[in-house]
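# Analysis of the macromolecular model
In case you want the letters, here they are:
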Amino acid sequence: MIDPVTIGAAFALAKTSVGFVKEAINLGHEIKDCYEDLSKFFKAQGQIEKAAKEVETLKNQPKSEDPQEAEKQESALSQAFTIVMQRKQMREFEQELRDMFAMKGEMDLYRELCAERDRISGEQDEAAREKIRKARLAKDRAERKKQEQEEMLMIAGIVVFVLLGAITVGVAIYLKG
């Protein structure tokens, strides 16, 4: 799991990078001159997306019996709100960048950057999807096992109740007879 400090640093880096790109363009520089800052933005965006996927994976795992693992899951879930807000802000930053690319007539470059980002994250997404799928299967198995145990206890309780009733009726008939 990516720690909150790393996520916060990635967000701050993305925010700063967008600010530098805006400033450079306002000063008359070309978007191509802002390669480093654009690269930092997309890298930070990737880190935040990776953290969001890890939280999603942890959300779908069954609650761990190990106290340390359970604490790790709780920590990740508490970070979820922060990550959601940061992802929203990142989408707004990306919209600002898209607008700047459009203003400068560089939409082809923007699409290339997005395609490359999507290609790279797509490779990672496939592994993440598989990990999420396995986590969901494990969670479903654990829930099914728990439900089966509860059903068995219910059946055992009914059997005990019926047997006690039958014994009570039998004893009552024996004592009357």
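Residues numbered from 1 in each chain as written. Predicted model: local features only at pLDDT ≥ 70, side-chain atom pairs only at ≥ 80, totals over all residues. Heavy atoms only, no water.

### So, the state of the cysteines
Convention followed: Disulfides are defined as cysteine sulfur pairs within 2.5 Å. To sort residues, take the accessible area from a 1.4 Å probe on protein chains only and compare it with the maximum for the residue type: under 20% means buried, over 50% means exposed, and anything in between is partly exposed.
For the structure shown, the criterion picks out zero disulfides. There is no disulfide at Cys34, and the cysteine sulfur nearest it, in Cys114, is 16 Å away. Judged by relative accessible area, Cys114 falls into the buried class, the value being 10%.

### Some points on the pattern of salt bridges
Rule in force here: Any Lys or Arg side-chain nitrogen found within 4 Å of a carboxyl oxygen on Asp or Glu counts as a salt bridge. Helix and strand assignments follow DSSP, with helices taken as H or I runs no shorter than four residues and strands as E runs no shorter than two, numbered in order from the N terminus.
Under the counting rule described, the total for this entry stands at four salt bridges. We note a salt bridge from Glu49 to Arg87, for which the minimum N-O separation is 3.0 Å. With a gap of 38 residues between them, Glu49 in helix H2 (residues 35-59) and Arg87 in helix H3 (residues 67-103) connect regions that are remote in the sequence. Judged by relative accessible area, which is 26%, Glu49 ranks as partly exposed. Of the charged contacts, one joins Glu92 and Lys88 as a salt bridge, the two residues approaching to 2.6 Å between their closest N and O atoms. Note that Glu92 and Lys88 are positioned in helix H3 at a spacing of four residues, about one turn of the helix. Residue classification places Glu92 among the partly exposed positions, given a relative accessible area of 34%.

### A closer look at the environment of Gln95
Assignment of secondary structure puts Gln95 in helix H3. Among the residues examined, Gln95 registers a relative accessible area of 34% and is labelled partly exposed. Residues Gln95 and Gly170 lie 75 residues apart in sequence; the distance between their C-alpha atoms is 80 Å.

### What about the side chain of Gln45?
Turning to its location among the elements, Gln45 is positioned in helix H2. On the basis of relative accessible area, Gln45 is assigned to the buried category, the value being 8%.

### Concerning the side chain of Glu106
Operational definition: We call two residues in contact whenever any of their non-hydrogen atoms come within 4.5 Å of each other.
Turning to its location among the elements, Glu106 is positioned in the loop between H3 and helix H4 (107-176). What makes Glu106 buried here is its relative accessible area of 16%. Other than its neighbours up to four places away in sequence, Glu106 contacts Glu30, Ile31, Lys32 and Phe101.

### Some words on the packing of helix H1 (residues 4-26) against H2
Rules: Here the axes come from fitting lines to C-alpha atoms, over the contacting stretch only for helices, and the angles between their N-to-C directions go from 0 to 180 degrees. Orientation labels follow simple angle bins: below 35 degrees gives roughly parallel, above 145 gives roughly antiparallel, 65 to 115 gives roughly perpendicular, and whatever is left gives oblique. Crossing handedness is defined as follows: a turn of the near helix away from the far one that is anticlockwise and smaller than a right angle gives a left-handed crossing, while the clockwise case is right-handed. Residue polarity follows a fixed list, in which Ala, Val, Leu, Ile, Met, Phe, Trp, Tyr, Cys and Pro are nonpolar, Asp, Glu, Lys and Arg are charged, and the others, Gly among them, are polar.
In the contact formed by H1 and H2, the axes pass within 8 Å of each other and the chain directions differ by 150°. As summarised for this structure, H1 and H2 are arranged roughly antiparallel, according to the angle between their axes. Both H1 and H2 take part in a crossing whose hand is left-handed. Contacts from Ile7, Ala10, Phe11, Leu13, Ala14, Ser17, Val18, Phe20 and Val21 in H1 reach Asp37, Leu38, Lys40, Phe41, Ala44, Gln47, Ile48 and Ala51 in H2. Taken together, the residues of the contact of H1 with H2 sort by class into 13 nonpolar, two polar and two charged.

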